[in-house]
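Architecture and fold: a report
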Amino acid sequence: MLRVLPCALAVLTSMAAAPTLAAKFEPADGQTILIVGQERGEIADYWREVGPAGGYMLYTSLSSLSGMDSDSRGSGCSDSGVMSFPDWVKNYPDTVSQIGLYMVGLLPDVATGDMDGSIEDLAATLRAAKRPVFLRIGYEFDGPWNRYDPGLYRRAFERIVRMFRGEKLEGMKAAIAPVNNVAFVWHSAAYNRYQGAALEAWYPGDEFVDWVALSWFAWGPDNDNRAAAKAREEVAALARARKKPLMIAEAAPKQYYEAQHPGSWAGWHQPVFDWITKHNVKAYSYINQDWTRMPQWRNASCGNGVDWGDTRLQKPGSVLLEGWKKTVESPRYLRQGPALMRAIGVK
């Protein structure tokens, strides 16, 4: 859907020395990259009004690669604000980019090689950035709204990864130059699964997945959606079993726990942060935006629901900002700067 105080120095040092699973761009145990999204202007607002994050979140489609070479904004039901990879490259040094790659309707073409040209173009753009990128290939693969066939999804995911790694595959005239600055993210919707299939039906294999991820939204006024809670635990268990770092790749409380709601912190935000600690989540992507500004999310005719609300932490009258800052300014959360780059093995 369209993330030192001296007394803390010893804590940071011990974190850096802790054993990790050593996946690409994985920080030490007990550390979490803070990422915000998902629209150019509101990402800038967050930086200005809340403080720096560690990452910049955006979306593109494999069919058009919109927003990758220049600013892009859809129209009508595809208007979810400005997406801009160049904005991240130019204005947010010492951070990561987290990109959702939309592939609805394209899986057969990707799997058979008919989209190799677009994959090659995407690879070239990301390679040229020379900075760390998390690529969510076919994000929310198990969401019923995407209708991804598990077998085709696995094949498409594998082909993209193999091409990025510089392998020459059937149907290719030549291999492309390897892309070494991209981590491949397998991202579950952590909600009701398409056709009730098992989670691992979509898993392309340990050799192709760097990170495992999930979405976390409030699905009602009491945030007590047992199906979603169960799905999150299943994704976390798979990540542990596969020895993959875990990411919350999309998260927002929707209108049910907006910044002015007196129960917002205890009702939604604190449980998310507690879960991050419990499950050693290593990247957290929060969607800090006024969804009601975007036609894609405010018009019932678009079919996306109209309960997304305004999830900006800095919204006037916010009761969240103090708690948020206190939490993300703690040693656990990695934000913009050379220390973040060192923590993920870039510098």
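Residues numbered from 1 in each chain as written. Predicted model: local features only at pLDDT ≥ 70, side-chain atom pairs only at ≥ 80, totals over all residues. Heavy atoms only, no water.

What follows concerns the overall build of the protein chain. Check the secondary structure of the protein chain and you find eleven helices and eleven strands. Taking 347 residues into account, the globule formula puts the C-alpha radius of gyration at 20 Å, and the protein chain, at 19 Å, falls close to it. Projected onto its principal axes, the C-alpha coordinates of the protein chain cover approximately 55 × 50 × 40 Å. Relative to its full complement of 347 residues, the protein chain shows a buried share of 56%. Side chains of the protein chain carry 39 positive and 38 negative charges; the gap between the two charge centres is 3 Å. (Helix = DSSP H or I, 4+ residues; strand = E, 2+ residues; numbered from the N terminus. Rg over C-alpha atoms; globule rule 2.2 N^0.38 Å. Buried < 20%, exposed > 50% of the residue type's maximum accessible area, 1.4 Å probe, protein only. Lys, Arg positive; Asp, Glu negative; His and termini not counted. Charge placed at Lys NZ, Arg CZ, Asp CG, Glu CD.)

Here we come to the environment of Asn225. Position of Asn225 among the secondary structure elements: in the loop between β8 (211-217) and α7 (226-242). Classification of Asn225 by relative accessible area gives partly exposed; the value is 21%. For Asn225, the contacting residues outside a window of four places in its chain are Tyr191 and Trp219. (Contact = heavy atoms within 4.5 Å.)

We now examine the nonpolar core. Counting 110 residues, the largest nonpolar core has Met103, Leu126, Phe164, Trp186, Ile248, Tyr284 and Trp324 as its most contacted members. Those residues within four positions of Trp324 in sequence are excluded, and the remaining contacts are Leu34, Tyr46, Val50, Trp265, His269, Phe273, Tyr284, Tyr286 and Leu313. (Core = buried A, V, L, I, M, F, W, Y, C linked by side-chain atoms within 4.5 Å.)

So, on to helix α2 (residues 40-49). A turn of α-helix holds 3.6 residues, and therefore any two residues three or four places apart point the same way. Buried within α2 are the following residues: Glu42, Ile43, Tyr46 and Trp47. Each buried residue of α2 sits inside an arc of 150° when the element is viewed along its axis, so together they form one side. The inward-facing, buried residues of α2 contact β1 (32-37), β2 (55-61) and α10 (321-328). Here α2 starts with a cap whose side-chain oxygen sits 3.0 Å from the backbone nitrogen of Gly41, and that cap is Glu39. (Arc of directions from axis to C-beta. Polar contact = N/O pair within 3.5 Å; in protein donor to acceptor, adjacent residues only side chain to side chain.)

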